[in-house]
Amino acid sequence: EYKDEHGKGIMIYQDGQFEEGYWFQGKHHGRGRSILKNGDIYEGELKLDQKHGRGEYFYMQGGKYTGQYLNDQKYGDGIEYYTDGYTEKGIW
């Protein structure tokens, strides 16, 4: 019998982190959203609990990154938007 989370759902952790989306064998996987305990938000594609594919990361203090991720790291085309209005487009 398989007991890990599997399918669509919401997870609320004791530390204040919140996740919604899809799970596969107990890991956040597919399209989803995470609100981290520091207030940052990630919306996008995930692979086994890691940012992987296209996504947007919103910083609590303002600004955001929109682009590609690989194994939880910025990777490939992306745009970083800073709170002062500066925009940096590049390949990470």
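Structure report, in brief.

Definitions and limits used
- Residues numbered from 1 in each chain as written.
- Predicted model: local features only at pLDDT ≥ 70, side-chain atom pairs only at ≥ 80, totals over all residues.
- Heavy atoms only, no water.
- Pairing = 2+ DSSP bridges.
- Helix = DSSP H or I, 4+ residues; strand = E, 2+ residues; numbered from the N terminus.
- Axes fitted to C-alpha atoms, helices over the stretch in contact; angles between N-to-C directions.
- Buried < 20%, exposed > 50% of the residue type's maximum accessible area, 1.4 Å probe, protein only.
- Lys, Arg positive; Asp, Glu negative; His and termini not counted.
- Salt bridge = Lys/Arg side-chain N within 4 Å of Asp/Glu carboxyl O.
- Polar contact = N/O pair within 3.5 Å; in protein donor to acceptor, adjacent residues only side chain to side chain.
- Contact = heavy atoms within 4.5 Å.

### Regarding the sheet that holds strand β2 (residues 18-24)
Neighbouring strands of a sheet are bound in pairs by backbone hydrogen bonds; such pairs are parallel or else antiparallel.
In step 1: What the 8 strands build is an open sheet, ordered β1-β2-β3-β4-β5-β6-β7-β8; its pairing is antiparallel. A single partner strand is all that each edge strand has here, and the edge strands are β1 (7-12) and β8 (87-91). With direction set aside, neighbouring strand axes in the sheet form an average angle of 10°.

### Observations concerning the side chain of D40
In step 1: The topology assignment puts D40 in the loop between β3 (27-35) and β4 (41-47).
In step 2: No salt bridge is formed by the buried D40; its nearest oppositely charged neighbour, K51, is found at 8.6 Å.
In step 3: Reaching out from D40, the side chain makes a polar contact with the backbone nitrogen of M60 at a distance of 2.8 Å.
In step 4: Discounting residues that sit within four places of it in the chain, D40 has contacts with S34, I35, Y57, F58, Y59, M60 and Q61.

### A few points about the environment of Q14
In step 1: By the element assignment, Q14 lies in the loop between β1 and β2.
In step 2: The class of Q14 is exposed, set by a relative accessible area of 89%.
In step 3: Counting along the chain gives 23 residues from Q14 to K37, while the straight-line C-alpha distance between them is 9.7 Å.

### What to know about unusual backbone geometry
In step 1: Despite not being glycine, D49 shows a phi value in the positive range, around 75°.
In step 2: Considering the arrangement of structural elements, one finds D49 in the loop between β4 and β5 (50-58).
In step 3: Of the residues examined, D49 reaches a relative accessible area of 39% and is grouped as partly exposed.
In step 4: Of note in this structure, D72 is not a glycine but carries a positive phi near 75°.
In step 5: Position of D72 among the secondary structure elements: in the loop between β6 (64-70) and β7 (73-81).
In step 6: For D72, a relative accessible area of 29% puts it in the partly exposed group.

### Points about the environment of R54
In step 1: In this fold, R54 is placed in strand β5.
In step 2: Through-space distance from the C-alpha of R54 to that of K74 is 9.7 Å; in sequence the pair is 20 residues apart.
In step 3: With near-sequence residues (within four places) excluded, R54 lies in contact with R31, Y42, G44, E45, T66, G67, Q68 and D77.

### What to know about the pairing of β7
In step 1: Pairing of β6 with β7, which is carried by 6 bridges, proceeds in the antiparallel orientation. Note that in β7 the partner of G67 across the bridge is G78.
In step 2: In textbook terms, the turn of a hairpin is the stretch between consecutive antiparallel strands, and for β6 and β7 this stretch comprises 2 residues, one of which, N71, has a positive phi near 50°.
In step 3: The sheet contact formed by β7 and β8 spans 5 bridges and is antiparallel. Among the inter-strand pairings, G78 is bridged to a residue of β8, identified as G90.

Functional significance is not addressed by these values, which are geometric in nature.
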